[in-house]
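A look at the structure
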Amino acid sequence: TLIVILIILYTIKAYNSKLEKLAHYDTLTSLPNRRTFNENFENMLLLFTRNKNNKTMVFFDIDDFKKINDSFGHQIGDKVLIRIAQLLKKMVRKSDYISRWGGEEFSILLNDINIEDTKAFVIKLKNSLESDELLRHYTKENVTASFGITSFKENDTLDLILSRVDAALYEAKNNGKNQFFVK
């Protein structure tokens, strides 16, 4: 009886661990998901309110991702998303926070960085995506992205920051894609 109970407890623990991972991480890219991002964002906003250290938010969206899926299939689209997640993990500092926002959108929360340094980071990331050999191999052309950037401001809320960065992203998309815009 004791052995059966131990086996059941082990199975339940393993199952709960899997459920926890599914609830907090994107299964395709292994990046934190939007839900986890929102939980961590609230903590970052509290730290900003207390310490007033620079924080910036970046949203980016893969340009013409539907065309990739339609031309090469969803399996290649998935490989593109996985590769982008790998590049992000290499480029983003451990003190920053990345997530797959949904679909082909990603979010990056950068700590202790001003807007000019954020622009430099985004240019480096943009160039990295465009020049990545594996992405080019998958799609037979350069993969580009559009970026929205905003910095945290006094009395900001989650909704205000997300609204600004989302508007900046749409501005970049509407002005020809493959660029960034700051709000």
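Above this note sits the structure.
This text gives an overview of the structure that appears in the document.

**Some remarks on the layout of surface pockets**
Roughly 180 Å³ of internal volume is contained in the largest pocket. Within the lining of the largest pocket, the residues separate by chemical class into six nonpolar, one polar and four charged.

**As for the pattern of salt bridges**
Per the stated rule, a full pass over the model turns up 14 salt bridges. Here Lys173 and Asp63 are joined by a salt bridge, their closest N and O atoms 2.9 Å apart. Of this pair, Lys173 sits in helix H7 (residues 158-174) while Asp63 sits in the loop between strand E1 (55-62) and helix H3 (65-72), placing them 110 residues apart in sequence. Classification of Asp63 as buried rests on a relative accessible area of 5%. Among the salt bridges present, the one from Arg164 reaches Asp156, with a minimum N-O distance of 2.7 Å. For the pair formed by Arg164 and Asp156, the shared burial category is buried. Connected through shared salt-bridge partners, Asp61, Asp63 and Lys173 make up one network.

**Quick word on the sheet that holds strand E5 (residues 180-182)**
Reading across from one edge, E2-E3-E1-E4-E5 is the order of the five strands in this open sheet, with mixed pairing throughout. The strands lining the two open edges of the sheet, one partner per strand, are strand E2 (97-102) and E5. Sheet twist, expressed as the mean angle between neighbouring strand axes with direction ignored, is 20°. This element, helix H2 (residues 34-51), spans E1, E2 and strand E3 (105-111) of the sheet and lies at about 135° to E2.

Definitions and limits used
Residues numbered from 1 in each chain as written. Predicted model: local features only at pLDDT ≥ 70, side-chain atom pairs only at ≥ 80, totals over all residues. Heavy atoms only, no water. 1 Å grid on protein atoms, 1.4 Å probe; cavity = no way out; pocket = protein on both sides within 12 Å on 5 of 7 lines; lining within 4 Å. Points joined across faces, edges and corners; volume = space filled by probe spheres on them. Nonpolar A, V, L, I, M, F, W, Y, C, P; charged D, E, K, R; others polar. Salt bridge = Lys/Arg side-chain N within 4 Å of Asp/Glu carboxyl O. Helix = DSSP H or I, 4+ residues; strand = E, 2+ residues; numbered from the N terminus. Buried < 20%, exposed > 50% of the residue type's maximum accessible area, 1.4 Å probe, protein only. Pairing = 2+ DSSP bridges. Axes fitted to C-alpha atoms, helices over the stretch in contact; angles between N-to-C directions. Contact = heavy atoms within 4.5 Å.

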